[in-house]
Amino acid sequence: MPFRALMLSKTDAGQSADFVELTEADLMEGDVTVRVAASTVNFKDGLAITGKGPVVRRWPMIPGADFAGEVTASTSPDWAPGDKVILNGWGCCETHYGGYAGMARVPGGWLVPLPSAFTLDQAMAIGTAGYTAARCVLALERFGLMPEAGPVLVTGAAGGVGSIAIVLLAAKGYTVIASTGRVSEADYLKGLGASDIIDRAELSEKARPLGKESWAGAVDAVGSHTLANVLSRTRYGGVVAACGLAQGLDLPATVAPFILRNVTLAGVDSVYVAKPDRLDAWEMLAETLDTAKLDALSKTIAFDDVVAAAHDIMAGKVRGRLIVDIDG
Ligand code: NDP
């Protein structure tokens, strides 16, 4: 059966994104074939589709770093037709065809089961952004952070990682400070569970080696000067989980927070992390994430609108999370 896919191509004239019709014979190698129900738009999908970042390393490429759907064929011992599965990362949209297609084929080891707490659409409302937020919260806990230690800052708060990090931290009893460039979204952020809002401009210029001790922990999706300021204002013994680069890939910081305040900087990758860590993050999401809040921070867009949404996320115009309705 033919299905639609978004295909990115590169020629001397530049990069283009076109809807094409494919069959299963066109899919890449893998032992599990999945009918894709939904995908999502992460920052990385924005980088890939707009060409603003060197995400795609094999051309042509079907973008979409995530998908959720139902197994239609499997030679993997772990999966059978009818199983509901989630795919996050593993090079999808970089070197392996991703989720912006009616069908996908991947190695079975890349898939995780859909937790019973979520629908396929909700799994994509979470997507790599939400599961990365979960990994950041788990990293804070792994390095000993507890709600009694003091407030936790979330940067890039109105974005995907930020919005879900706020919901998770608030549910676990943390006092959350949200840093955003969209202070007009204060009501939205408070609705997710933030207690205080700060303007991201406060964190976006060159940092001093040490600043006022303002928070016990942080989830940073922004990098660059913002992460340097976050570190310099973290309390003695605090923990910062860094996962993103929305401001930049650089880190213009000093070692002062580490050697004078015993601050821990925990790096978080979600794309190539091993399966047990993925399962831990999805288990925590299933136990902790309020699905009413998840529904409130996400919205569904049509497959046809995914290119426009990729441009919007690069322009910082997407609030929360987008679900892409692939099979609708
Ligand atoms: P979003 O675009 O949804 O969120 C990013 C947010 O960052 C924006 O909404 C905005 O929040 C803020 N922001 C944007 N530009 C700037 C800027 N110039 N300076 C300061 N803040 C800015 O993206 P995602 O939530 O999907 O991803 C967030 C980051 O995390 C990205 O860099 C992404 O690549 C990274 N990531 C990393 C993963 C990993 O495995 N390590 C996995 C998933 C994501 P506001 O409007 O509130 O200021």
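Before any of the text, the structure's been laid out above.
Residues numbered from 1 in each chain as written. Predicted model: local features only at pLDDT ≥ 70, side-chain atom pairs only at ≥ 80, totals over all residues. Heavy atoms only, no water.

Among the nonpolar cores identified, the biggest contains 55 residues, and Ile166, Leu169, Trp282, Leu285 and Leu289 are the most heavily contacted of them. For this core, the leading source of residues is helix H2 (residues 120–142), giving 13 residues. The residues that make up this core include at least three from each of domain 1 (3–114 + 297–325) and domain 2 (128–267). When residues no more than four places from it in sequence are discounted, the contact partners of Leu169 are Val137, Leu140, Val152, Val154, Tyr174, Val176 and Val219. In terms of nonpolar packing, the next biggest core, distinct from the first, is built from 47 residues, Leu22, Ile301, Phe303 and Leu322 among them. (Core = buried A, V, L, I, M, F, W, Y, C linked by side-chain atoms within 4.5 Å. Buried < 20%, exposed > 50% of the residue type's maximum accessible area, 1.4 Å probe, protein only. Helix = DSSP H or I, 4+ residues; strand = E, 2+ residues; numbered from the N terminus. Domains from an automatic or database assignment. Contact = heavy atoms within 4.5 Å.)

A separate point is the sheet that holds strand E10 (residues 194–199). In a beta sheet, neighbouring strands are held together by backbone hydrogen bonds and run either parallel or antiparallel to one another. Strand order in the open sheet formed by six strands is E10-E9-E8-E11-E12-E13, and the pairing between neighbours is parallel. The outermost strands of the open sheet, each flanked by one partner alone, are E10 and strand E13 (264–267). Strand after strand, the sheet turns through a mean of 20° between neighbouring axes, direction not considered. Here strand E8 (residues 152–154) pairs with strand E11 (residues 215–220) via three bridges, running parallel. Residue pairing for E11: Val152 is matched across the bridge by Gly217. Lying over the sheet, H2 contacts E8, E11, strand E12 (234–242) and E13, oriented at roughly 150° with respect to E12. (Pairing = 2+ DSSP bridges. Axes fitted to C-alpha atoms, helices over the stretch in contact; angles between N-to-C directions.)

A separate point is the site of the ligand. In the region of the ligand, 26 residues are neighbours, and Val161, Thr180, Gly181, Arg182 and Ser270 sit closest. Contacts to the ligand include Ala157, whose backbone N or O atom sits 3.4 Å from an oxygen atom. At a separation of 3.4 Å, an oxygen atom of the ligand approaches a polar backbone atom of Ala246. Elements with a contribution of two residues or more to the shell around the ligand: H2 and helix H3 (160–171). (Near = heavy atom within 4 Å. Polar contact = N/O pair within 3.5 Å; in protein donor to acceptor, adjacent residues only side chain to side chain.)

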